[in-house]
Amino acid sequence: MTHATDQASREIWFLTGSQHLYGDETLKQVAENSRRIVAGIDGSGALPVKIVCKPILTGPDEIRDVCLAANAAPECAGVVTWMHTFSPAKMWIAGLTRLQKPLAHLHTQFNSELPWGEIDMDFMNLNQSAHGDREYGFIAARLRLKRKIVVGHWQDPDVLQDLAQWANSALAMAESRSLKIARFGGMNMREVAVTGGDRVEAQIQLGWSVNGYGVGDLAGRVNEVSDAAVDRQVEEYEESYVVSAPLRRGGEKRENLRYAARQELGMRAFLDEGGFAAFTTTFEDLHGLKQLPGFACQRLMAQGYGFGAEGDWKTAALVRLGKVMTGRRSGGVSFMEDYTYHLVKGQERILGAHMLEVCPSIADAKPALEVHPLGIGGKADPPRLVFTARPGPAVNATLVDMGGRMRLIVAELDVVTPEHAMPKLPTARAVWIPRPDFKRGAQGWLEAGGAHHAAFCQGVTYEEWEDFGAMAGLEVIRLGADLDLRALRNELRWNDAAFKLGL
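Residues numbered from 1 in each chain as written. Predicted model: local features only at pLDDT ≥ 70, side-chain atom pairs only at ≥ 80, totals over all residues. Heavy atoms only, no water.

**Quick look at the overall build of the protein**
Here is step 1 of the chain: Secondary structure assignment for the protein yields 15 helices and 19 strands.
Here is step 2 of the chain: Its C-alpha radius of gyration of 25 Å places the protein within 12% of the 23 Å reference for a compact globule of 503 residues.
Here is step 3 of the chain: In terms of overall dimensions, the protein has a C-alpha envelope of 85 × 55 × 40 Å along the principal axes.
Here is step 4 of the chain: Out of the 503 residues in the protein, the part that is buried amounts to 56%.
Here is step 5 of the chain: For the protein, the share of sequence-separated contacts (at least 6 apart) that also reach a separation of at least 24 residues comes to 78%. (Helix = DSSP H or I, 4+ residues; strand = E, 2+ residues; numbered from the N terminus. Rg over C-alpha atoms; globule rule 2.2 N^0.38 Å. Buried < 20%, exposed > 50% of the residue type's maximum accessible area, 1.4 Å probe, protein only. Contact = heavy atoms within 4.5 Å.)

**A few points about the sheet that holds strand β14 (residues 383-386)**
Here is step 1 of the chain: Taken together, 3 strands build an open sheet; the order of strands is β8-β13-β14 and the sheet is mixed. Every other strand in the sheet has two partners, leaving β8 (242-243) and β14 as the edge strands with one partner each.
Here is step 2 of the chain: Two strands pair when backbone bridges link them, and β8 and strand β13 (residues 368-371) are joined in this way by 2 bridges, in the parallel orientation. Within the sheet, the bridge partner assigned to V243 lies in β13 and is L369.
Here is step 3 of the chain: Where helix α11 (residues 294-302) meets the sheet, it contacts β13 and β14, and its direction lies at approximately 50° from that of β14. (Pairing = 2+ DSSP bridges. Axes fitted to C-alpha atoms, helices over the stretch in contact; angles between N-to-C directions.)

**Side note on the pairing of β14**
Here is step 1 of the chain: The two faces of β14 match: P383 and L385 on one face and R384 and V386 on the other face are all buried.
Here is step 2 of the chain: Of the strand pairs in this sheet, β13 and β14 are connected by 4 bridges, and their pairing is antiparallel. Bridging across to β14, E370 finds its partner in R384.

**Here we look at helix α15 (residues 485-500)**
Here is step 1 of the chain: Counted at 1.5 Å a residue, the expected span for α15 with its 16 residues is 22 Å, and the 23 Å between its end C-alpha atoms agrees.
Here is step 2 of the chain: For α15, every residue scored as buried is listed here: L485, L488, L492 and N495. Mapping the buried residues of α15 onto a view down its axis gives an arc of 65°, with all of them on the same face. Opposite its buried face, α15 presents the exposed residues R486, R493 and W494, each directed more than 90 degrees away.
Here is step 3 of the chain: Along its buried surface, α15 packs onto β16 (406-415), α13 (438-448) and β19 (475-479).
Here is step 4 of the chain: Taking the backbone nitrogen of R486 as reference, a side-chain oxygen 3.0 Å away marks D484 as the first, capping residue of α15.
Here is step 5 of the chain: Once α15 ends, the next one or two residues include G502, with phi positive near 75°. (Expected span 1.5 Å × (residues − 1). Arc of directions from axis to C-beta. Polar contact = N/O pair within 3.5 Å; in protein donor to acceptor, adjacent residues only side chain to side chain.)

As structure tokens, this is what we get:
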């Protein structure tokens with residue numbers, strides 16, 4: 001199987017509501033207008049996935065049937081609904097109460113401009129989305145449906161952008177429902193709290209299958225990799241990175257690089273054969289491995305796999321889902337850890353990194369492939385990619401188990417170019433300022449219970465994580481430019497009450 005982020009096999013279904021009251025000619029025009037809208041949206045290239053126009057819906061049986069068909073169709077990632085005319089909302093109850101795919105309500109109109117001098121009742125009856133969508137909006141609210149509402153003309157760039165962001169989240173939700181995560185070593189870092197959680201509840205709510213596998217089994221796969229495959233892999237490294245002298249042909253650490261290639265190939269074979277799109281490792285369990293597979297983790301993340309260090313399966317899943325949401329857009333997604341601070345007044349910064357495992361998709365320049373000692377794990381010196389993250393906006397997304405529910409915390413960041421070189425720091429790194437500023441951003445993260453691990457996303461927006469959270473029934477907390485700490489504390493208290501009441 002492949003774990004590239006292209007979702008070519010997925011599609012979004014477009015459902016148009018109407019009724020028979022207005023006659024066959026009107027229904028023919030409704031069908032033609034819907035077809036033209038879908039062709040226009042699809043032809044714009046704005047959406048990350050194909051959008052498919054389904055026959056117009058005029059009665060409860062056909063609405064129910066198409067919703068059940070959407071549930072059963074593995075290619076259907078979500079459903080967009082639009083009421084071209086007035087579509088009595090009782091017709092939609094049987095379908096909407098059974099629909100299990102993400103739902104968007106596009107509140108639009110075929111024409112953007114009213115023909116003021118020509119408008120008559122025929123035009124009014126045909127083009128009454130303002131009327132029909134309010135009827136539909138009521139029943140969606142009455143049913144307490146989780147849905148995305150997008151308002152505006154279907155050709156407007158901001159409408160297309162909103163639909164695209166929702167579609168990215170729907171693709172991530174489709175991935176989530178079948179996501180398998182392998183935990184090599186099968187445990188969290190000992191005595192660590194936040195990386196744990198209820199794996200059974202995660203599978204019930206999110207679809208994630210999280211299981212542990214012995215590192216000895218992985219070591220066996222690593223040892224099976226042929227020398228010829230290792231040779232080819234090392235050649236790829238030499239073409240892709242700036243290789244340091246000890247790792248070049250004839251260098252004293254060349255064998256460390258060859259073993260890293262063996263680890264990457266063995267791990268990928270293990271993951272692909274088991275259908276795993278995400279995985280974790282832990283430096284506390286390296287039985288049978290000669291070195292911590294940090295470089296292999298960097299490489300596999302760059303290929304679209306999710307990763308979490310120290311057994312952190314929740315962050316591994318978020319990294320994978322972030323890769324899916326990014327799709328073909330620029331901007332990377334990586335496992336990340338808040339490491340240390342620069343606390344000079346007015347120049348506060350957060351330095352994020354990890355021992356080894358930061359994805360090169362976020363690199364600002366061609367990474368250097370280096371080898372350095374690693375004091376943790378007690379193994380051979382591991383190769384690793386060293387680089388600095390590109391500047392620009394980003395988000396950190398983390399998922400924490402609050403006992404009875406999962407909380408998704410998304411912090412908006414501004415990644416900056418470090419003002420000073422770090423020649424003695426032998427790892428990839430990112431430097432950022434949380435919004436609205438260091439003090440409030442850090443305090444908000446602590447108030448919400450954010451973890452020290454996160455999915456660091458340059459190609460995913462808060463809105464996409466918010467839409468995904470709504471689809472999955474998660475509590476979602478935003479820490480952004482308008483963060484008010486008093487309001488945040490109230491939001492957290494209200495959320496506690498709401499989730500206890502099942503709202």
